[in-house]
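Fold and contact review
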Amino acid sequence: MSSTYFEFLRAELVPGLMDGLWTSIVVIVPSALLGALIGVVAGVLRVYGPRPVRRLTEGYVSLFRGTPLVVQVFFWYFALPYISIGGHSIVLDAIPASILAFGLCSGAYQSEYIRGGLNSIKRGQIRAALALGMTTRQAVQSVVLPQAFRRALPGCGNEVIYLIKYSSLASIITVNELTGTATTIAKNSWRNIEVFCTLGVYYLALVTLATWLLHLAEDAMSVPGFERHRS
Amino acid sequence: MSAENQTPPVLEARALGKTLGGNRVLDAVSLSLPKGCVKVLIGPSGAGKSTLLQCLNFLIPPDSGTILLEGREVNGKSRRELCTLRQNVGMIFQDFNLFDHLSALENVRVALMKVKGMSKLDAGELALAELARVGLQDKAALYPASLSGGQKQRVAIARALAMDPKVMLLDEPTSALDPELIGEVLAVIRDLAQNGMTMIVATHQISFSASLADEFLFMEKGRVIESGSPAELLRRDSGSRTLAFCAKISELSGEGGEAEVLAPECRV
Ligand SMILES: Nc1ncnc2c1ncn2[C@@H]1O[C@H](COP(=O)(O)OP(=O)(O)OP(=O)(O)O)[C@@H](O)[C@H]1O
Ligand SMILES: [Mg+2]
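Overview of the structure.

About the cut-offs
Residues numbered from 1 in each chain as written. Chains lettered and ligands numbered in written order. Predicted model: local features only at pLDDT ≥ 70, side-chain atom pairs only at ≥ 80, totals over all residues. Heavy atoms only, no water. Pairing = 2+ DSSP bridges. Helix = DSSP H or I, 4+ residues; strand = E, 2+ residues; numbered from the N terminus. Contact = heavy atoms within 4.5 Å. Axes fitted to C-alpha atoms, helices over the stretch in contact; angles between N-to-C directions. Buried < 20%, exposed > 50% of the residue type's maximum accessible area, 1.4 Å probe, protein only. Near = heavy atom within 4 Å. Polar contact = N/O pair within 3.5 Å; in protein donor to acceptor, adjacent residues only side chain to side chain. Areas by Shrake-Rupley, 256 points an atom, 1.4 Å probe, with all protein chains shown as cover. Nonpolar A, V, L, I, M, F, W, Y, C, P; charged D, E, K, R; others polar. Buried area = accessible area lost by both parts, 1.4 Å probe. Salt bridge = Lys/Arg side-chain N within 4 Å of Asp/Glu carboxyl O. Parallel < 35°, antiparallel > 145°, perpendicular 65-115°, else oblique. Left-handed = near helix turned anticlockwise from the far one by under 90°. Expected span 1.5 Å × (residues − 1). Arc of directions from axis to C-beta.

Before going further, it helps to spend a moment on the sheet that holds strand 4 (residues 64-69) of chain B. Residue and element names in this part refer to chain B. With antiparallel pairing, the four strands of this open sheet are ordered in space as 2-1-4-5. Single-partner strands in this sheet number two, and they are strand 2 (23-33) and strand 5 (72-73). Pairing analysis gives two bridges linking strand 4 to strand 5, with the strands arranged antiparallel. Its bridge partner being in strand 5, Leu68 is matched across the sheet by Glu73. Sheet contacts for helix 2 (residues 49-56): strand 1 (11-20), strand 2 and strand 4; angle to strand 1, the most-contacted strand, approximately 125 degrees.

What follows is the structure, encoded as structure tokens:
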């Protein structure tokens, strides 16, 4: 009980949180990829899709942005097993349920950024591309998407940063990621201040790493007129 | 005369009609562009000039009428024919429409690679030559955000010329430019005309176009209501709608005064 913070850190906290960190990454990375994929598809459909598809994707976005994420997480983990279609019901383990919940929620937000990026490209540029003899597909591929992507990147990156933080919600459906592990350690050791302050540092480090990667990507794609806005 | 009868016009439109949002924006408009001729489209705002130009390369598909490229009717439903038409018909827009994420060189190069299937190296060489033609070889590496309006429009012209078009459509190429930048773009256009490029230009630059045009087409409410040589239509006693319109806009813009606008000897 009377070991110093550093002894506690070295002997219990870091080894304990290491597993949690790994589990967090196992949740965050697939969720972010799923969210980006859904975001791009839904974003493109919301701008270029036929009207019924546009309606449908808009419904998806309102639903997932309009309900608390905790509720969505509970739904996929606790409620889904009770929904049976033709006698079959789907039971998800805690980690896949979290990835599904985070991916779907993140995708709804991502699609907003993608849609904004697509809409920011003036129709005139598409017209100019077509006037040169490009097909619509070539115009979208070589004119619209590269620009929309650059415009959407800062927003999409922010969304990934939120995702890192809300991945801690997975702990409430028994996933032993960073927050879940830390809670257990705190309960057993009664050293709440040390545990939760250290946990904060872990998230800060993850977010800093993600921010740095994001900036690398932005710089790599930066051209005049599409620079990163440094604050 | 006889030579003109033998070779079909480079581009011809017959009875184009277009209704947009319930408005009859084009009403049976016909025009023909023989090789090497320059026609100028004038008329009040909303007359349908932009719509007409964009119908000529199916950016706006006309509701009725036909387009003929060198005497052959173009089927607007065939993607291949559209692509051929558009490669042969260069278009210049009022607001330049450069691709913002590409440098001047890449702007000119991209369609050469994607549409003409040229190698990056060949396309780059040709693009540089086209930029040199409009006096911008030293700006090849700059992005649109770093170019002036006049330079942007000249890149846009180089981009269109690189496709080696048989005819150019220019929709108010200088309207979005500051007065001091208009000259450099007009010089490029004059150069094109003098080198025999077939062109149709919508513009409000009356004195400039009078010095260049073989024919003025005056449009109003979706129809071409007057056409003729600038000297004819702008003769002081012609009593034409064109004259009244030109007098009004040169008054408004203070463009060189009436005397210069109306002097027939302005014509080349
Ligand atoms: N998508 C559209 N829906 C409805 N009306 C349209 C549409 N596009 C153009 N119009 C109308 O068609 C008419 C012709 O437009 P157009 O842009 O061809 O005129 P313009 O002669 O080029 O005018 P300006 O000198 O202002 O460029 C205008 O009255 C315009 O309001
Ligand atoms: Mg117009």
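The rest of the description comes next.
Let's shift gears to the sheet that holds strand 8 (residues 198-202) of chain B. Residues and elements named next belong to chain B. Pairing in this open sheet of six strands is mixed, and the strands run 6-7-8-3-9-10 from one edge to the other. In this open sheet, the two edge strands, each paired with only one partner strand, are strand 6 (89-92) and strand 10 (223-228). Direction aside, neighbouring strands of the sheet carry axes that sit 20 degrees apart on average. As paired elements, strand 3 (residues 38-42) and strand 9 (residues 215-220) share four bridges and run parallel to each other. In the sheet register, Val40 faces strand 9, and the bridge partner there is Phe216. Sitting on the sheet, helix 7 (residues 179-194) is in contact with strand 3, strand 7 (167-171) and strand 8, with an inclination near 145 degrees to strand 8.

This paragraph deals with helix 2 of chain B. Along an α-helix, residues three or four apart share an orientation, since each turn contains 3.6 residues. All names here are of chain B. In terms of residue burial, helix 2 counts as a mostly covered element, since seven of its eight residues are buried. Among all positions in helix 2, only Lys49, Thr51, Leu52, Leu53, Gln54, Cys55 and Leu56 are buried. Positive phi shows up at Phe58, right after helix 2, with a value of about 60 degrees.

All names here are of chain B. Surveying the vicinity of ligand 1 reveals the residues Leu20, Gly21, Val25, Pro44, Ser45, Gly46, Ala47, Gly48, Lys49, Ser50, Thr51 and Glu172. In this structure, Gly46 approaches ligand 1 through a main-chain N or O atom, which is 2.8 Å from an oxygen atom. At a separation of 3.2 Å, an oxygen atom of ligand 1 approaches a polar backbone atom of Ala47. Notes on ligand 1: free accessible area 640 Å², of which the protein chains cover 60%. Take the shell around ligand 1: its biggest share by element is three residues, from helix 2. Partitioning the shell around ligand 1 into residue classes produces four nonpolar, six polar and two charged.

Chain B puts 25 residues into the contact, and the matching count from chain A is 22 residues. Contact between chain B and chain A buries roughly 1900 Å² in total, counting both sides, with carbon and sulfur atoms accounting for 67%. Among the residues of chain B in contact with chain A, Phe99, Asp100 and His101 of chain B are the three that bury the most area, contributing 30% of the side total. Scanning the region where chain B abuts chain A turns up zero salt bridges. Inspection of the region where chain B meets chain A yields five residue pairs in polar contact (both at pLDDT 80 or more). By residue number, the principal contributor to the side of chain B that touches chain A is helix 3 (residues 79-88) of chain B, which donates four residues. Considered class by class, the residues forming the side of chain B that touches chain A number 14 nonpolar, six polar and five charged.

Next up on the list: the packing of helix 1 (residues 5-48) of chain A against helix 7 (residues 178-189) of chain A. All names here are of chain A. Remark: helix 1 packs on helix 7, axes separated minimally by 7 Å, with the N-to-C direction vectors making an angle of 150 degrees. Between helix 1 and helix 7, the angle is such that the two are roughly antiparallel. Of the two elements, helix 1 crosses helix 7, and the hand of that crossing is right-handed. Between helix 1, through Phe8, Glu12, Leu13, Gly16, Leu17, Gly20, Leu21 and Ser24, and helix 7, the contact on the second element is made entirely by Leu178, Thr181, Ala182, Ile185 and Ser189. In terms of residue class, the contact of helix 1 with helix 7 is made up of seven nonpolar, five polar and one charged.

With that settled, the discussion passes to helix 2 (residues 51-66) of chain A. Residues and elements named next belong to chain A. Over its 16 residues, helix 2 extends 22 Å from the first C-alpha to the last, a length consistent with the 22 Å expected when each residue adds 1.5 Å. For helix 2, the set of buried residues is Thr57, Tyr60, Val61 and Phe64. Looking straight down helix 2, one finds its buried side chains confined to an arc of 95 degrees; they lie on one side. Residues of helix 2 that are exposed and point over 90 degrees away from its buried face: Arg51, Pro52, Arg55, Ser62 and Gly66.

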